[in-house]
Amino acid sequence: MTPPAPTPDPHVTRLAPSPTGALHPGNARTFLVNWALARQRGWRIILRIEDLDSPRIKPGVIDLTVDLLRWLGIDWDFGPLVQSEEPGPHRQAMERLAKEGRVYPCELTRGQIEAAASAPQEGAHDTPFPRDLRPATIPREFSDASASWRLIVEPGEVGFEDEFAGPRSFDVSRIVGDFVVWTRRDPARAGQPTYQLAVVVDDHRQGVTNVVRGDDLLDSGSRQLLLYRALGYRPEPSYLHLPLVRGPDGRRLAKRHGDTRLDAYRSAGVPAERVVGLVAHWCGLSKTPRPMPASEFLASFRLDTIPRTPITFTPENHQWLGR
Ligand code: GLU
């Protein structure tokens, strides 16, 4: 599908759900906020289904995702665009990175990388990729699309001004080091871009200027800016990362917190106004949740009432959605 045509002030954002079939109230928060900001500020909205994130997409799940957004009262101007349907630009980006000597094939396993890391970081989930595991020669061609490829990351802070989180800066070499941009996740299939590469290539070619998402992706902002620079893409997007919605145990909302799928609430007859009302409450628009149509959310939404701390999906919230 054709991306939006340029206009004099082309502010463009995207709703980028991963079609896992398990959109939860935390996702509803992100999409409602993104939508309300866009509609209040006159940004155009692309709906982009990020189906490259998940190894296997069950039939019907993309339709379900689109349907749930509509059910909430969200609309958009372009799409749904489906990420996997246009593999050409991702491959071209790899060709460009290879030509510039920015990427190399790497088939090391996580175990081999851990074993080679000279100073494993205590408590860290991942060990940054040790530089001495880079190959001696960096190929100048994207010669093997069925291999995994890493981007060369040099030490240094990559900063950006986040519209919600404020000035942020990450040294990607200390967090992950050379990171995977192309992967052969499924041995039966050819390789494909990772989330980091696909999101940058698609945001750029679809003219996205404003990225709104959960702050679990805050440090990805720096990784993505490295890719913008390596690919020579301008302008770089503006970021707005929102506090994540967490379970009562402080962990990211997931199955362990019970069945919080929007689809499950909808099937149980819960009206969308209850979900929107809960999101409005989380956004500081009401002391306690009350049913609210998306149109009212849009009219009353303000960025500055959103609390700066993580939002907890409490048992009372679940109950509110259970009536
Ligand atoms: N598809 C990602 C998700 O559902 C969002 C990625 C992004 O906004 O950059 O978490």
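Structure's up top.
Here the structure is a predicted model, which is why all the values come from computation and not from measurement. (Residues numbered from 1 in each chain as written. Predicted model: local features only at pLDDT ≥ 70, side-chain atom pairs only at ≥ 80, totals over all residues. Heavy atoms only, no water.)

Comments concerning the overall build of the protein chain
A tally of regular secondary structure across the protein chain gives eleven helices and 13 strands. If you take every contact in the protein chain between residues at least 6 apart in sequence, the share linking residues at least 24 apart comes to 75%. Accessible surface computed for the protein chain: about 15300 Å², of which carbon and sulfur atoms make up 50%. Seen as two clouds, the 41 positive and the 40 negative side-chain charges of the protein chain have centres 2 Å apart. (Helix = DSSP H or I, 4+ residues; strand = E, 2+ residues; numbered from the N terminus. Contact = heavy atoms within 4.5 Å. Areas by Shrake-Rupley, 256 points an atom, 1.4 Å probe, with all protein chains shown as cover. Lys, Arg positive; Asp, Glu negative; His and termini not counted. Charge placed at Lys NZ, Arg CZ, Asp CG, Glu CD.)

Brief notes about the environment of Ile138
Residue placement: Ile138 occurs in the loop between helix 4 (110–116) and strand 5 (149–151). Owing to a relative accessible area of 26%, Ile138 belongs among the partly exposed residues under this scheme. When the C-alpha positions of Ile138 and Val103 are compared, they lie 7.3 Å apart, and in sequence the two are 35 residues distant. Excluding residues within four positions of it along the chain, Ile138 makes contact with Gly101, Val103, Tyr104 and Ile152. (Buried < 20%, exposed > 50% of the residue type's maximum accessible area, 1.4 Å probe, protein only.)

What about the site of the ligand?
Close to the ligand lie nine residues, the nearest being Arg14, Ala16, Glu50, Tyr195 and Arg213. Between the ligand and Ala16 there is a distance of 2.8 Å, counted from a nitrogen atom to a backbone nitrogen or oxygen. Between Ser18 and the ligand, the recorded distance is 2.9 Å, taken from a side-chain N or O atom to a nitrogen atom. Taken by itself the ligand offers 300 Å² of open surface, and the protein chains cover 80% of this. Classifying every residue of the shell around the ligand by side-chain character gives four nonpolar, one polar and four charged. (Near = heavy atom within 4 Å. Polar contact = N/O pair within 3.5 Å; in protein donor to acceptor, adjacent residues only side chain to side chain. Nonpolar A, V, L, I, M, F, W, Y, C, P; charged D, E, K, R; others polar.)

Let's talk about the packing of aromatic side chains
Applying the stated rule across the entire model yields seven aromatic pairs. Judged by centre distance (6.0 Å) and plane angle (85°), the ring pair of Tyr228 and Tyr233 falls under edge-to-face. We note that Tyr228, like Tyr233, is buried. Here the aromatic rings of Trp282 and Phe313 are separated by 5.9 Å at their centres, their planes lie at 70°, and the arrangement is edge-to-face. Linking Trp282 in helix 9 (residues 272–282) with Phe313 in the loop between strand 13 (311–312) and helix 11 (315–320), this pair joins segments that are 31 residues apart in sequence. Assessed through its relative accessible area of 5%, Trp282 is described here as buried. Positioned over the ring face of Trp71 is Arg266, at 5.9 Å from the centre of the ring. (Phe/Tyr/Trp six-rings, centres within 6.5 Å; stacked < 30°, edge-to-face > 60°. Lys NZ or Arg CZ within 6 Å of the ring centre and 35° of its normal.)

Thoughts on helix 2 (residues 61–72)
An ideal rise of 1.5 Å per residue puts 16 Å on twelve residues; helix 2 measures up with 17 Å between its terminal C-alpha atoms. Within helix 2 the residues assigned to the buried category are Val61, Leu64, Thr65, Val66, Leu68, Leu69 and Leu72. The positive-phi residue at the C-terminal boundary of helix 2 is Gly73, with phi of around 105°. (Expected span 1.5 Å × (residues − 1).)

A closer look at helix 9
With nine of its eleven residues buried, helix 9 lies for the most part within the structure. Among the residues of helix 9, Ala272, Arg274, Val275, Val276, Gly277, Leu278, Val279, Ala280 and Trp282 are the ones counted as buried.

Focus on the sheet that holds strand 9 (residues 192–193)
Strand order in this open sheet of four strands is 4-5-8-9, and the pairing throughout is antiparallel. The open sheet terminates on both sides in strands that have one partner only, identified here as strand 4 (103–105) and strand 9. In terms of strand pairing, strand 4 meets strand 5 through three bridges, oriented antiparallel. Its bridge partner being in strand 5, Val103 is matched across the sheet by Leu151. In the packing of helix 3 (residues 88–99) onto the sheet, the strands contacted are strand 4, strand 5, strand 8 (179–183) and strand 9, and the crossing angle to strand 8 comes to about 130°. (Pairing = 2+ DSSP bridges. Axes fitted to C-alpha atoms, helices over the stretch in contact; angles between N-to-C directions.)

A look at the packing of helix 6 (residues 195–205) against helix 7 (residues 218–230)
In contact at an axis separation of 10 Å, helix 6 and helix 7 are set at 60° when each is read in the N-to-C sense. The orientation of helix 6 with respect to helix 7, classified from their angle, is oblique. Handedness of the helix 6/helix 7 crossing: right-handed. Facing Tyr195, Gln196, Leu197, Val199, Val200, Asp203 and His204 of helix 6, the residues of helix 7 in contact are Ser220, Arg223, Gln224, Leu227 and Tyr228. A breakdown of the residues in the contact of helix 6 with helix 7 according to their chemical character gives six nonpolar, four polar and two charged. (Parallel < 35°, antiparallel > 145°, perpendicular 65-115°, else oblique. Left-handed = near helix turned anticlockwise from the far one by under 90°.)

Concerning the nonpolar core
In this structure, Ile74, Phe297 and Phe301 are the most contacted members of the largest nonpolar core, which totals 48 residues. Where this core is concerned, the elements lending two or more residues are helix 1 (25–41), strand 2 (44–49), helix 2, strand 11 (238–242), helix 8 (262–267), helix 9 and helix 10 (294–300). For this core, the leading source of residues is helix 1, giving eight residues. With near-sequence residues (within four places) excluded, Phe301 lies in contact with Val33, Ala36, Leu37, Gln40, Cys283, Leu285 and Ile306. Grouped together as the second largest cluster of nonpolar side chains are 38 residues, Ala98, Phe160, Val176 and Tyr239 included. (Core = buried A, V, L, I, M, F, W, Y, C linked by side-chain atoms within 4.5 Å.)

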